[in-house]
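An overview of the molecular structure
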Amino acid sequence: MGAVQVLASPKAAAVRREINPWVVALTVTLATFMELLDTSIANVSLPYIAGGLGRSFDEVTWILTTYLVANAVVLPMSAWLSRVFGRKNYYMACVALFTLTSLFCGIAPTLGVMLISRVLQGIGGGGLAPVEQAILIDTFPPAKRASAFALYTVAIVTAPAIGPVLGGWITDNYNWRWVFLINIPIGFLSLYLTNRFVHDPPAFTEERKSARIGGRLKIDTVGIALVALGSAALEIMLDRGQIDDWFGSSFICWLFAIALVCFSAAIYWELKTPDPILELRLLRYPNFAIASIFYFVFGFGLFATTTMIPQILQSLYGYRAIDAGLVLGPGAFVITALAPVGAQLVQRGLVRPKVLLGISLLTVSAAMFYYSGLTLQTDYFHYALSRGFQGLGYAFFFVPLSVIAYSQLKPNENNRASSLTNLFRNWGGSFGIAFATTLSERRQSFHQSVMSANLPRSGAWLQDAIQRTTNYLMSHGYSHADALRAAYARYYDQLGAQTRLLGFMDVFRAIAWITLITAPLVLLIQRFHPQGKPSGGH
């Protein structure tokens, strides 16, 4: 029996080596795309879900919050969990849980069942992106990782962008429950392909063995508790902050205190623990530390604008949800088309990764400044053009950034690094959405107070405009009193629309400056030469 196993093992290894790495890449990207799509696809369906479940809109917003919280809790633990269960087993368990809970979300009879299902769905989805990234790193040699990162870029950028479009189309033409049910066939296909083509690499298997003492697993219980509680508190605070008036709410104050205490304690604990849940010691590598900052900036700008642009178009221009979502399409198309080009520029050594990253940062910043100059007369074409300009920057952003992040790491550190990079990207997205929501409303109030102070009701030109509007409405059958009220309401609405737009434009300008201020960090990136072989991660 032992002899048979010895003979069979090289044959099995040979079969595994023959698997095309791109088959592995497409396999693991499928489920990650599905999960990232789910972070935004339900947004436009919330009013319909509220009606279907007989609850208020404010209550059903917890459908989004619970998912994001569960996602944020699991994401930093994904590296540890994949070592506990095996990367392939853990990945398949995440896909299976995500798929099963998608079914429960789709058939949920009450809000309570829906929220429980969304928590479990977030737990399943939280491990997909970091595990996929670790699999890609171990499957492709350093010299060819850029192409794999291009595929990953398309998934993480395109999925949140098309989510509102797809969600709006499904809701308008079918039923909101299909927003969740469409995950089921994709999940089954992902499980089949993963089981067939994905395998744990030998280096990772050795890393799992080293994590055990005397055959027993070392469990960082304190680290798990601190990271989980801190992540949950931070995510709820960011998601509910503007709704509850931030630090004017005792609930938000408590969440802030819990997050601050937990993360402060977690940093101290994780740095002195031999086998931590979160390997913060990786930040000692200069390139990885700098890349982590840019992962945050990437998530900050991408998710803030992806959330804000549909709001602008729907609230100020009267676009339907699906039409507003289509404005995001050109950006996703540009990224899909040009990310592989950026990968080839890096792989062939035609452009140094830090140079390409610097150019992309300047391009993204310029796109944000361009956004900040749009007006209420701006048409669909120019908004789509602006998004395409932004996509041009992001198309050459993530690929060199990912190459830089892993340039100084050892093969056995890749798995833990993927959790950290995705954690920073996820935090960037959460902070970006909270920043955009809060700053736009605060700046709208500021502009409204300034414009109102400089727009006296007795101004001759304003009174002339109101009188002309009143006369026009009276000529169409309105009484004088009704026509006068309608005229005042019209100009008040115009004032509100103008100040709301100015608030949004200030957010774009702020994101532009944040991106521009961080750009000089590329000068601190140390030189490296991508080379070597994969560790067999397929």
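Everything discussed here concerns the structure shown above.
The structure presented is a predicted model; accordingly, all values stated were derived computationally and were not measured.

1. Describing the overall build of the protein chain
- For the protein chain, the helix and strand inventory stands at 24 helices and two strands.
- A burial count over the protein chain gives 55% of its 538 residues as buried.
- Here the analysis covers contacts within the protein chain between residues at least 6 apart in sequence; of these, 84% occur between residues at least 24 apart.
- Of the roughly 23100 Å² of accessible surface on the protein chain, a fraction of 67% belongs to carbon and sulfur atoms.

2. Description of the pattern of salt bridges
- One pass over the structure, following the stated rule, counts six salt bridges.
- One salt bridge in this structure joins glutamate 413 and arginine 284, with 3.5 Å as the shortest N-O distance. Remark: arginine 284 occurs in the loop between α15 (250–272) and α16 (286–316) and glutamate 413 occurs in the loop between α21 (398–405) and α22 (414–453); sequence separation between them is 129 residues.
- On the basis of relative accessibility, which here comes to 12%, the residue glutamate 413 falls in the buried class.
- Note that arginine 509 is salt-bridged to aspartate 506, the shortest N-O span being 2.8 Å. Of this pair, arginine 509 and aspartate 506 are both found in helix α24 (residues 480–518), three residues apart, which corresponds to roughly one turn of the helix.
- Given a relative accessible area of 31%, arginine 509 falls into the partly exposed group.
- Salt bridges sharing partners connect three or more residues here, namely Glu279, Arg281 and Arg416.

3. Quick look at helix α8 (residues 111–126)
- Relative to the 22 Å expected for 16 residues at 1.5 Å per residue, α8 spans 22 Å between its end C-alpha atoms, a close match to the ideal helical length.
- All of the buried residues along α8 are Leu111, Met114, Ser117, Arg118, Gln121, Gly122, Gly124, Gly125 and Gly126.

4. Quick look at the packing of helix α5 (residues 62–74) against helix α14 (residues 221–240)
- Running from N to C, α5 and α14 cross one another at 150°; their axes reach a closest spacing of 8 Å. In terms of orientation, α5 and α14 fall into the roughly antiparallel class. Here the hand of the crossing between α5 and α14 comes out right-handed. Packed against α5, whose contacting residues are Trp62, Thr65, Leu68, Val69, Ala72 and Val73, the element α14 presents Ala228, Ser231, Ala232, Glu235, Ile236, Asp239 and Arg240 at the interface.
- Its residues assigned to classes, the contact of α5 with α14 comprises eight nonpolar, two polar and three charged.

5. Some words on the packing of α14 against α22
- Running from N to C, α14 and α22 cross one another at 30°; their axes reach a closest spacing of 8 Å. Judged by the angle between their axes, α14 and α22 are roughly parallel. The two elements α14 and α22 cross, and the hand of that crossing is left-handed. Here Leu234, Glu235 and Leu238 of α14 come into contact with α22, specifically with Asn426, Trp427, Ser430, Phe431 and Ala434.
- Looking at the contact of α14 with α22 residue by residue, the class counts come to five nonpolar, two polar and one charged.

6. Focus on a nonpolar patch on the surface
- Side chains of Tyr370, Phe381, Leu385, Phe389 and Leu392 sit close together on the surface and give an oily, nonpolar patch of about 440 Å² of accessible area.
- In terms of residues, the nonpolar patch owes the most to one element, helix α20 (residues 380–395), which gives four residues.
- With respect to the secondary-structure elements, phenylalanine 389 resides in helix α20.
- Given a relative accessible area of 30%, phenylalanine 389 falls into the partly exposed group.

7. Quick word on the packing of aromatic side chains
- Using the criterion set out here, one finds 22 aromatic pairs in the structure.
- Between the aromatic rings of tyrosine 371 and phenylalanine 508, the centroid separation amounts to 4.5 Å while the plane-to-plane angle is 15°, which identifies the pairing as stacked. Remark: phenylalanine 508 occurs in helix α24 and tyrosine 371 occurs in helix α19 (residues 353–371); sequence separation between them is 137 residues.
- Judged by its relative accessible area of 0%, tyrosine 371 falls in the buried class.
- Since its relative accessible area comes to 0%, phenylalanine 508 is described here as buried.

8. Some points on unusual backbone geometry
- Its identity as a non-glycine residue notwithstanding, aspartate 245 has a phi of 65°, on the positive side.
- Within the secondary structure, aspartate 245 sits in the loop between α14 and α15.
- For aspartate 245, a relative accessible area of 48% puts it in the partly exposed group.
- At tryptophan 246, a residue that is not glycine, the phi angle is positive and equals roughly 45°.
- Judged by relative accessible area, which is 15%, tryptophan 246 ranks as buried.

9. A short note on the nonpolar core
- Ranked by internal contacts, the top residues of the largest apolar core, which has 145 residues, are Ile312 and Leu357.
- With 15 residues, the top contributor of residues to this core is α16.
- Once residues within four sequence positions are removed from consideration, isoleucine 312 is found in contact with Tyr317, Tyr383, Leu501, Phe504, Met505 and Phe508.

10. Observations concerning the side chain of threonine 515
- Tracing the backbone through its elements, the reader meets threonine 515 in helix α24.
- When neighbours within four sequence positions are excluded, threonine 515 is seen to be in contact with Val297, Leu361, Val364 and Ser365.

11. Thoughts on the environment of valine 399
- When you line up the elements, valine 399 lands in helix α21.
- With a relative accessible area of 1%, valine 399 lands in the buried category.
- Separated by 53 residues in sequence, valine 399 and valine 346 place their C-alpha atoms 8.3 Å apart.
- Discounting residues that sit within four places of it in the chain, valine 399 has contacts with Ala146, Phe149, Ala150, Thr153, Ala339 and Ala343.

12. Brief notes about helix α6 (residues 78–85)
- Of all eight residues in α6, seven are buried; the element is thus mostly enclosed.
- Listing the buried residues of α6 in full gives Ser78, Ala79, Trp80, Leu81, Ser82, Arg83 and Val84.
- Positioned one or two residues after α6, glycine 86 has a phi angle of 95°, which is positive.

Parameters at a glance
Residues numbered from 1 in each chain as written. Predicted model: local features only at pLDDT ≥ 70, side-chain atom pairs only at ≥ 80, totals over all residues. Heavy atoms only, no water. Helix = DSSP H or I, 4+ residues; strand = E, 2+ residues; numbered from the N terminus. Buried < 20%, exposed > 50% of the residue type's maximum accessible area, 1.4 Å probe, protein only. Contact = heavy atoms within 4.5 Å. Areas by Shrake-Rupley, 256 points an atom, 1.4 Å probe, with all protein chains shown as cover. Salt bridge = Lys/Arg side-chain N within 4 Å of Asp/Glu carboxyl O. Expected span 1.5 Å × (residues − 1). Axes fitted to C-alpha atoms, helices over the stretch in contact; angles between N-to-C directions. Parallel < 35°, antiparallel > 145°, perpendicular 65-115°, else oblique. Left-handed = near helix turned anticlockwise from the far one by under 90°. Nonpolar A, V, L, I, M, F, W, Y, C, P; charged D, E, K, R; others polar. Patch = residues over 30% accessible without salt bridge, like charges linked within 9 Å, V, L, I, M, F, W, Y side chains within 5 Å. Phe/Tyr/Trp six-rings, centres within 6.5 Å; stacked < 30°, edge-to-face > 60°. Core = buried A, V, L, I, M, F, W, Y, C linked by side-chain atoms within 4.5 Å.

These figures come from the coordinates and say nothing about function on their own.
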